[in-house]
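Single-letter residue listing:
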Amino acid sequence: MAEKKLTIRVPATSANIGPGFDVVGLSLSLYLTLTVAHPASPPSGPYADPAITYTGEGADDVPLDAYKNLTTRVALYIPFGRGLGSSGAAVIAGVLLGNALGDLNLPIERLLDFALMVERHPDNVTAALVGGFVGSYLKELDEEASQAASVPLSEVLPEFPPDAGENWGLNPPKPPLGIGHYIRFGWSETIKAIAIIPRFELSTAKAREVLPTEYSRKDLVFNLQRLAVLTTALGQTPPDAGLIYEAMKDRVHQPYRKQLIPGLPEVTSTITPATHPGLLGICLSGAGPTILALATGGFERIAEDAGSIFKSFGIEIDWKVLEVAGGSVVTTQ
């Protein structure tokens, strides 16, 4: 039987970027690549489960059952109705897979709606889908649309029951139109991102548990001031290290997560533009434990000195120098 093949490439992402908690995201040149082969026409024989294989980091932990794997579960939802954004990339891969297999030709804005029904924070999924340095927000919806967008994830991606009939999954909850809105900010081509990756895992759920439910006006203004500056400063050439380093400071999430990441305060306070020429700013990537350093040079020294600090706490690291990447790409063969 003739086959059709497609390849989906989704960039890794980093969210928050200092003061931009749940607001800004950055796509990076580290990719989730999904290669799919399927019959060119619907098969006439009995149903056969898709075969899933996975290689790369975390291969031993990725479910290979189509009804448990996040990417394929999201893909099933679409046609019928470590701190680098891995879940966001998997969700976008699933949305794009469902769009391709279902021949839906959905616009980017509608793809984002589906993604936001699964991943309720827009920063990572938006950056993974459209690429670059982006800001995003969730639209204020009317009561009916708000209820539709707030359907529990267990209903959006229900567990596959052992007694499922042939009509199971045919009527999933539909997302409202225009849940998320975004804008791309400028980005200086001279700036690269150093991902400093401690060799331990930290779940986003655990990292969110330590955050307070209320903040002082002083701390919110602190972040808002810096975010307003940062979104412009990172697009200027040459970038101003003094301006960016201060603008990447945060009082909303990093101070509370330092207890979960030994060495974090020492790395972010010790490695500065004054001590490490080329450095622009340094922060947690998303919920951590990965640390993101933005720099125009001196990449190896920045990474190795951060590694030495982590090593003093008994933690080994890996590191990568990454470019800011474009958005997701789907190609057919």
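Conventions adopted
- Residues numbered from 1 in each chain as written.
- Predicted model: local features only at pLDDT ≥ 70, side-chain atom pairs only at ≥ 80, totals over all residues.
- Heavy atoms only, no water.
- Phe/Tyr/Trp six-rings, centres within 6.5 Å; stacked < 30°, edge-to-face > 60°.
- Helix = DSSP H or I, 4+ residues; strand = E, 2+ residues; numbered from the N terminus.
- Lys NZ or Arg CZ within 6 Å of the ring centre and 35° of its normal.
- Pairing = 2+ DSSP bridges.
- Axes fitted to C-alpha atoms, helices over the stretch in contact; angles between N-to-C directions.
- Contact = heavy atoms within 4.5 Å.
- Core = buried A, V, L, I, M, F, W, Y, C linked by side-chain atoms within 4.5 Å.
- Buried < 20%, exposed > 50% of the residue type's maximum accessible area, 1.4 Å probe, protein only.

Aromatic rings in a pair are described by how distant their centres are and how their planes are angled relative to each other. Here the structure, examined in full by the defined rule, presents 3 aromatic pairs. Look at Tyr215 and Tyr256: their rings are 6.2 Å apart centre to centre, the planes differ by 75 degrees, and that puts the pair in the edge-to-face class. A residue pair is termed long-range when its members are at least 10 positions apart, and Tyr215 in the loop between helix 7 (204-209) and helix 8 (217-233) and Tyr256 in helix 10 (residues 254-257) qualify at 41 residues. Taken together, the ring pairs in this structure connect Phe133, Phe185 and Trp187 into an aromatic cluster. The positively charged end of Arg226 is found above the aromatic ring belonging to Phe222, 3.5 Å away from the centroid. Sitting above the plane of the Phe222 ring, Arg251 keeps its charged end 3.9 Å from the centroid.

A sheet is described by the order of its strands in space; here 4 strands give the open sequence 6-7-5-8, paired in antiparallel fashion. Here the strands that pair on one side only, and so sit at the sheet edges, are strand 6 (279-284) and strand 8 (317-322). Here the strands of the sheet are splayed against their neighbours by 20 degrees on average, with no regard to which way each runs. Both strand 6 and strand 7 (residues 291-295) contribute to a ladder of 5 bridges, which runs antiparallel. Counterpart to Leu279 in the pairing with strand 7 is Ala295. Across the sheet, helix 12 (residues 299-312) touches strand 5 (192-198), strand 6, strand 7 and strand 8, and the angle it forms with strand 5 is around 20 degrees.

Let us look at the sheet that holds strand 1 (residues 3-16). The sheet built from 5 strands is open, its strands ordered 4-3-2-1-9 with antiparallel pairing. The two strands at the open ends of the sheet, each matched to only one other strand, are strand 4 (180-185) and strand 9 (329-332). The average undirected angle you get between the axes of adjacent strands in this sheet is 30 degrees. In this sheet, strand 4 lies alongside strand 3 (residues 133-138) in antiparallel orientation, the contact comprising 6 bridges. Each residue of the ladder has a partner; that of Phe133, found in strand 4, is Phe185. Where helix 8 meets the sheet, its contacts fall on strand 2 (20-39), strand 3 and strand 4, and the angle it forms with strand 2 comes to roughly 55 degrees.

This brings us to the nonpolar core. Judged by nonpolar contacts, the single largest core of 31 residues is most densely connected at Val10, Val91, Ile92, Val95, Leu96, Val125 and Leu129. If you list the elements that add at least two residues to this core, you get strand 1, helix 1 (70-77), helix 2 (86-101), helix 3 (108-118) and helix 4 (122-130). Other than its neighbours up to four places away in sequence, Leu96 contacts Ile8, Val10, Leu111, Leu129, Ser328 and Val330.

All right, on to the environment of Leu170 then. The topology assignment puts Leu170 in the loop between helix 6 (153-156) and strand 4. Expressed as a C-alpha distance, the spacing of Leu170 and Arg251, which sit 81 residues apart in the sequence, is 45 Å.

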